[in-house]
Amino acid sequence: EPEVTQTPSHQVTQMGQEVILRCVPISNHLYFYWYRQILGQKVEFLVSFYNNEISEKSEIFDDQFSVERPDGSNFTLKIRSTKLEDSAMYFCASSDYLGDEQFFGPGTRLTVL
Amino acid sequence: TQLLEQSPQFLSIQEGENLTVYCNSSSVFSSLQWYRQEPGEGPVLLVTVVTGGEVKKLKRLTFQFGDARKDSSLHITAAQPGDTGLYLCAGDTGGGNKLTFGTGTQLKVEL
C-alpha cells in the first residue's frame, strides 16, 4: 500500500544550525503538508503546498522555515537557524486533492541542543 | 482559531468493555477525520466523515458526525488490548489546506 516516507527518523542538531527534513509523498498525490508535534502537545499545522507554491501557512511558519519540492518525488522542510523550541516531531502528509484525506508519514524527531 | 476539544483526555478500561470518545468544537467542519497514533509514530487515518449525521463503521469502531458538523464521536465495542493508543480527531474547516487537530484521547485497554 502506498505510504508517505520521511528521512531521517531522528535528527540532532546544534542551536543555530540549518536542518533539512525530507519527505516522499504518495506518488499520485498533489497536495503536501508539514505538521509538527511538540512532545506532549497536539499536532499543529505548519504549511500546505500545491503546484510548487505555498497554499497556506500558520503563524509558526516564519521566515526561518521554507519548503521546496526539488524534484518530482521529494518534499522538503528547511529550518534555517534552529532554536531550542523547534525540537519536535515533524510530520509530512499528502493528499490526492484539496480537502481529501491526508496521509501522514512516520515523522522526523528533531532535537535541537 | 478553531479548537477541537476531545474527551475524555485519558481512558483506562478492561478488555471487553465499550467506550465512547467525543470530539467537540464551536466551528463547523466540512469533514472530520479520526486518526490513531502510536508513540513515536505518525497519525494513521481511521476514517473520514463528511455529511452531517453520517455514521461509519470499521469493525468494532463506530464513528458519527454530528448533524451540525461541529462534533463527532468514536465508539468502540468490546475493546481489546490492541485498541490501546492515542485517538485524534482532526477537522477541515473547508479550505482543504490544513487540518486542525484535537487534544487527543489516550486509551489503554487492559487484560
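Everything discussed here concerns the structure shown above.
The structure presented is a predicted model; accordingly, all values stated were derived computationally and were not measured. (Residues numbered from 1 in each chain as written. Chains lettered and ligands numbered in written order. Predicted model: local features only at pLDDT ≥ 70, side-chain atom pairs only at ≥ 80, totals over all residues. Heavy atoms only, no water.)

Engineer: I tried to follow the pattern of salt bridges on my own but got confused; where do I start?
Structural biologist: Pairing between side chains of opposite charge can happen when the charged atoms of each approach one another. Residue and element names in this part refer to chain B. A full pass over the atoms with the stated rule returns 6 salt bridges over all chains. Put simply, R36 and E38 hold a salt bridge, and the shortest N to O gap is 2.8 Å. Residue classification places E38 among the partly exposed residues on the basis of a relative accessible area of 26%. Taking the shortest distance from any N to any O, the salt bridge between K108 and E110 comes out at 3.8 Å. On the basis of relative accessible area, E110 is assigned to the partly exposed category, the value being 31%. (Salt bridge = Lys/Arg side-chain N within 4 Å of Asp/Glu carboxyl O. Buried < 20%, exposed > 50% of the residue type's maximum accessible area, 1.4 Å probe, protein only.)

Engineer: Looking at this model, I keep getting lost on the packing of aromatic side chains. Mind explaining?
Structural biologist: How two aromatic rings sit relative to each other is set out by the distance from centre to centre and by the angle between their planes. Applying the stated criterion to the full structure yields 13 aromatic pairs over all chains. Seen from their ring centres, F32(A) and F75(A) are 5.4 Å apart, and the 40° between their planes marks the pair as tilted. Here the residue F32(A) occupies a position in strand β4 (residues 31-37), and F75(A) occupies one in strand β8 (residues 75-79), the gap between them amounting to 43 residues. Neither residue differs from the other here; F32(A) and F75(A) are each classed as buried. When the centroid spacing of 5.3 Å and the interplanar angle of 85° are considered together, the rings of F104(A) and Y35(B) count as edge-to-face. (Phe/Tyr/Trp six-rings, centres within 6.5 Å; stacked < 30°, edge-to-face > 60°. Helix = DSSP H or I, 4+ residues; strand = E, 2+ residues; numbered from the N terminus.)

Engineer: Whenever I open this one, the interface of chain B and chain A confuses me. Can you help?
Structural biologist: The extent of an interface is frequently quoted as the accessible surface area lost upon association of the parts. Listed as interface residues are 21 residues of chain B and, on the opposing side, 21 residues of chain A. Approximately 1,600 Å² of surface area, both sides summed, lies buried where chain B meets chain A, with 53% of it carried by carbon and sulfur atoms. Considering only the side of chain B, the residues that lose the most area to chain A are N97(B), K98(B) and F101(B), jointly responsible for 33% of the buried surface there. At the junction of chain B and chain A, the tally comes to 1 salt bridge. We note a salt bridge from K98(B) to E56(A), for which the minimum N-O separation is 3.6 Å. (Contact = heavy atoms within 4.5 Å. Buried area = accessible area lost by both parts, 1.4 Å probe.)

Engineer: How should the side chain of S48(A) be read in this particular structure?
Structural biologist: You can see S48(A) is positioned in strand β5 (residues 44-50). When its relative accessible area of 1% is taken as the criterion, S48(A) is described as buried. Among all residues touching S48(A), those that are not within four sequence positions of it are F32(A), Y33(A), E53(A), I54(A), S55(A), E56(A) and N97(B).

Engineer: How should the sheet that holds strand β3 (residues 19-24) of chain A be read in this particular structure?
Structural biologist: Pairing between the strands of a sheet comes from backbone hydrogen bonds, and it takes one of two forms, parallel or antiparallel. Residue and element names in this part refer to chain A. Ordered in space as β1-β3-β8-β7, the 4 strands form an open sheet in which the pairing is antiparallel. Each end of this open sheet is capped by a strand with a single partner; those strands are β1 (5-7) and β7 (65-68). Neighbour-to-neighbour, the strand axes of the sheet open up by a mean angle of 20°, direction not taken into account. Here 5 bridges tie β3 to β8, and the two strands are oriented antiparallel to one another. Residue pairing across strands places C23 opposite F75, the latter belonging to β8. (Pairing = 2+ DSSP bridges. Axes fitted to C-alpha atoms, helices over the stretch in contact; angles between N-to-C directions.)

Engineer: It is not clear to me how the state of the cysteines should be interpreted in this structure. Could you clarify?
Structural biologist: A covalent bond between the sulfur atoms of two cysteines is what we call a disulfide. One pass over the structure, following the stated rule, counts 2 disulfides over all chains. Residue pairing for C23(A): its cysteine sulfur links by disulfide to C92(A), the two sulfurs lying 1.9 Å apart. One disulfide, between C23(A) and C92(A), carries an S-S torsion of -65° and so falls in the left-handed class. Of this pair, C23(A) sits in strand β3 while C92(A) sits in strand β9 (residues 88-95); the two residues are 69 residues apart in sequence, bridging distant segments of the chain. C23(B) shares a disulfide with C89(B); S-S distance 2.0 Å. An S-S torsion of about 80° defines the bridge between C23(B) and C89(B) as right-handed. Taken together, the positions of C23(B) in strand β3 (residues 19-24) and C89(B) in strand β9 (residues 85-92) put the pair 66 residues apart, joining distant regions of the chain. (Disulfide = S-S within 2.5 Å.)

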